[in-house]
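Structural description and commentary
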Amino acid sequence: MRRGILEDLLAFLAVGRERSFTKAAAKLGVSQSALSHTIRELEARLGVRLLTRTTRSVSPTEAGERLLHTLGPRFEEIDAEIEALSELREKPAGTIRITAAEYAVETILWPKLVKFLRHYPDIKIELIVDNGLTDIVAQRYDAGVRAGEQVAKDMIAVRIGPDMRVAVVGAPSYFRKRSEPKKPQDLIRHNCINLRLSTHGGLYAWEFEKGNRELKVRVEGQLIFNGTFQMLTAALSGFGLAYVPEDLAQPHLAKGRLKRVLEDWCPPYSGYHLYYPSGRQSSAAFALLVDALRHRG
């Protein structure tokens, strides 16, 4: 194989996956101009255009798509094999990429990672906060965190937290002007604080359950956030009703800063799980992380 072509192909894979020279350059730690020059040289060497460039977007050509689908998995296999070599070292090492919702990071992952990271200084953790339902395989994460019911059947799921409940809450000042909702359908007459799922771009539908009845309500309101903590802050300021984890709201409920409604429609549900593909080759570092995060309550 001609010298340097491996580096050029890795550069192409980065641009093709990110669909952006800016993001790919940041990921590779090179300048955009250097990366653009590398791609042009690769295209000249192969004698075929791999990327279609406009002022706003970058997309693979037919030849580029073929190269992405054939070379991408092979480079991933090489990365996995190199990562697996860390098992032969005296100390476990490697980088583990995890995507999780903000609340899961703050309440479950970080408290457990503090001790883990100090014990294994050669293991690196990259935590990406994303409240959407990220495709961890397509985005090349090692694992993700979701509520148990949201984990796909073909994934391995490990419980990392206790059962949870959500709470619909509002400030006393909000309820001075509006009557309390008695059933989920009443929410359509209320000012509700929405959550936008960053992965899919849609608004999260509030989920309720009572007996054998399950409901999803698409609410409306003046405010939309992509983070749970911001929704709670807005509710405390009297801007409407928020749908947040019970534990997050509890301190404010105890002090009377928030009032809870529809509690009988919010039963406990399976808590957070770490999930990853069943075919994933587990490194020593990843196995240690799974064990450290496992819920033992």
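Above: the structure in question.
Now for a look at the structure at hand. This one's a predicted model, so the numbers in the text were calculated from it and none came from an experiment.

1. Here we look at the packing of helix H5 (residues 102-119) against helix H7 (residues 228-236)
In the contact formed by H5 and H7, the axes pass within 7 Å of each other and the chain directions differ by 100 degrees. Considering the angle they form, H5 stands roughly perpendicular to H7. Between H5 and H7, the residues in contact are Glu 102, Tyr 103 and Glu 106 and Thr 228, Phe 229 and Gln 230, respectively.

2. Re the state of the cysteines
A covalent bond between the sulfur atoms of two cysteines is referred to as a disulfide. One pass over the full model with this rule turns up zero disulfides. Left without a disulfide partner, Cys 192 is nearest to the cysteine sulfur of Cys 266, which lies 12 Å away. For Cys 266, a relative accessible area of 2% translates into the label buried.

3. Considerations on the environment of Pro 245
Checked against the element boundaries, Pro 245 lands in strand S12 (residues 242-245). Sequence separation of Pro 245 and Leu 197 is 48 residues, and the distance between their C-alpha atoms is 16 Å. If we skip the residues at most four places from it in the chain, Pro 245 touches Tyr 103, Met 164, Arg 165, Val 166 and Thr 228.

Definitions and limits used
Residues numbered from 1 in each chain as written. Predicted model: local features only at pLDDT ≥ 70, side-chain atom pairs only at ≥ 80, totals over all residues. Heavy atoms only, no water. Axes fitted to C-alpha atoms, helices over the stretch in contact; angles between N-to-C directions. Helix = DSSP H or I, 4+ residues; strand = E, 2+ residues; numbered from the N terminus. Parallel < 35°, antiparallel > 145°, perpendicular 65-115°, else oblique. Contact = heavy atoms within 4.5 Å. Disulfide = S-S within 2.5 Å. Buried < 20%, exposed > 50% of the residue type's maximum accessible area, 1.4 Å probe, protein only.

Structural measurements only, silent on function.
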